[in-house]
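Summary of structural features
In case you want the letters, here they are:
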Amino acid sequence: MDAQVLVIGGGIAGLSLAWALAPHTRVVVAEAEETLAHHTSSRSARQMQPSYGPAAIQELTHRSIAMVRDISGALAAPILAPRPLLTLGTAAEVARLLATHSQLQRVDHAETLRLSPDVRPDIFQEAALDGTAMEVDVPSLIEFYRSRAVAAGAVVLTGAPVASATATDGGFEVVAGEHVITAATVVNAAGAWADAVAAMFGVRPRGLVPHRRSVAIVSTREPVNPSGPMVEPADESYYYRPDGEHLLISPCESVPAEAGDAQVVQADIAQLIHRIDAVTTLGISGVVRSWTGLRTHPADGLPVVGFDAGVPGFFWLAGQGGYGIQTSAALATLAARLITGQLPGEDAELAAALSPQRPGL
Ligand SMILES: Cc1cc2nc3c(=O)[nH]c(=O)nc-3n(C[C@H](O)[C@H](O)[C@H](O)COP(=O)(O)OP(=O)(O)OC[C@H]3O[C@@H](n4cnc5c(N)ncnc54)[C@H](O)[C@@H]3O)c2cc1C
């Protein structure tokens with residue numbers, strides 16, 4: 001099989017790039033698993049929060065929300081809905097947040113309790129509100145990327161683990177399951193396996209470390225307001241938000257782990273339930289389901305996006321950490337423009353901040 005661009009990995013990164021690239025070039029996506037988005041992309045909290053993350057992430061999130069809003073508007077059912085983010089803290093913690101995030105609004109104690117009546121009043125003084133934060137239907141967004149890519153001519157292979165690669169005159173010959181694929185450009189969108197895939201191509205790894213994080217959906221004795229905000233403390237040591245009639249909760253742990261099919265540590269969920277019961281009046285009555293995924297990033301916490309200077313034709317789209325959903329549309333567009341050599345001048349600084357050649361990586 002012959003491709004111009006071979007994308008390794010069929011999570012949200014690989015499929016969004018296929019969507020952005022397929023109208024311009026011949027794209028093949030190779031996914032190791034039998035189902036797409038089997039790993040981290042199906043295990044997120046489904047949030048797009050413009051106030052979350054460093055400056056480059058905030059910029060990509062703003063852009064992505066605008067793009068996903070357009071995508072949502074063109075679909076039969078909307079896939080994007082407001083989910084304001086309320087960060088609880090002391091007056092000093094909230095003041096610090098407001099000083100660094102222009103989109104946040106200060107909310108006093110009484111107003112915070114009006115917005116989120118289930119918070120125990122003695123655990124905070126005031127709050128910062130990101131009223132621009134959104135919740136996105138991730139399976140539908142991924143299906144949008146996949147279907148549009150295929151409609152534009154992309155080939156998406158599942159059960160096709162990339163196991164070996166050979167450099168050729170014009171690029172690479174790659175064995176992916178039963179397929180042999182030649183491609184001028186190879187994109188590493190392999191999530192937790194990104195450094196291992198790089199090594200397969202003789203590319204220097206970038207210190208991309210998977211970190212475990214869990215989420216549980218729980219039932220409560222008191223009714224949950226389905227349109228209530230997402231709530232977290234200023235130290236980001238947990239978060240919760242409505243999930244229909246249930247509550248989605250996370251201990252926000254970040255524990256280095258091996259690449260693989262991440263499994264829930266039950267003790268983490270038990271401790272989390274205890275914590276959420278201590279900060280809300282909802283009363284958790286049972287666990288509906290829980291899952292764990294891997295947030296993979298390098299030491300500086302920014303994605304790694306761009307051509308590798310050491311191995312011509314090898315392109316990185318990895319290291320999205322906890323931001324891979326909220327940045328997918330804009331990051332895929334940026335990556336596609338880098339690959340096709342059409343990066344607009346105003347994006348040069350953003351591309352440099354994410355470059356695999358940046359200092360310290
Ligand atoms: C609990 C949790 C909550 C999160 N919440 C949010 C959130 O609210 N908002 C947000 O923006 N982000 C969130 N994230 C982060 C987000 O989910 C990730 O950044 C994103 O899913 C990463 O996508 P990916 O495509 O890079 O990785 P993946 O989805 O893991 O895809 C990589 C794919 O590459 C494949 N692969 C690996 N090696 C090979 C090979 N050799 N050959 C072929 N295929 C291969 C794998 O099988 C996998 O399917 C959360 C993450 C977790 C764990």
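Relevant structure appears above.
Basis of the calculations
Residues numbered from 1 in each chain as written. Predicted model: local features only at pLDDT ≥ 70, side-chain atom pairs only at ≥ 80, totals over all residues. Heavy atoms only, no water. Helix = DSSP H or I, 4+ residues; strand = E, 2+ residues; numbered from the N terminus. Buried < 20%, exposed > 50% of the residue type's maximum accessible area, 1.4 Å probe, protein only. Contact = heavy atoms within 4.5 Å. Near = heavy atom within 4 Å. Polar contact = N/O pair within 3.5 Å; in protein donor to acceptor, adjacent residues only side chain to side chain. Areas by Shrake-Rupley, 256 points an atom, 1.4 Å probe, with all protein chains shown as cover. Pairing = 2+ DSSP bridges.

With respect to the helices and strands, the residue Thr25 is situated in the loop between helix H1 (12-21) and strand S2 (27-30). Taking the relative accessible area as the measure of exposure, Thr25 reaches 18% and is therefore buried. If sequence neighbours within four positions are ignored, Thr25 has contacts with Gln4 and Val5.

Turning to the site of the ligand, a few remarks are in order. Near the ligand you find 39 residues, and of these Glu31, Ser41, Gln47, Gly321 and Gln326 are the closest. A distance of 2.7 Å separates an oxygen atom of the ligand from a polar atom in the backbone of Gly321. Its free accessible area being 1,000 Å², the ligand has 95% of it covered by the protein chains. Per-element accounting of the shell around the ligand gives the leading share, 3 residues, to strand S18 (residues 284-297).

Moving on, we come to the side chain of Gln49. Mapped onto the elements, Gln49 comes out in the loop between strand S3 (47-48) and helix H2 (55-74). Leave out the neighbours within four places in its chain, and Gln49 touches Thr61, Leu85, Asp130, Ala133, Met230 and Gln326.

Positive phi, close to 65°, is recorded for Arg46, a residue that is not glycine. Given the relative accessible area of 18%, Arg46 is considered buried. Backbone geometry at Cys252 places phi at a positive 55°, although glycine is not the residue there.

A word on the sheet that holds strand S4 (residues 80-82). Taken together, 3 strands build an open sheet; the order of strands is S3-S8-S4 and the sheet is antiparallel. Each having just a single partner strand, S3 and S4 make up the two edges of the open sheet. Relative to strand S8 (residues 134-136), S4 runs antiparallel, the two sharing 3 bridges. Of the residues in S8, the one forming a bridge with Leu80 is Val136.

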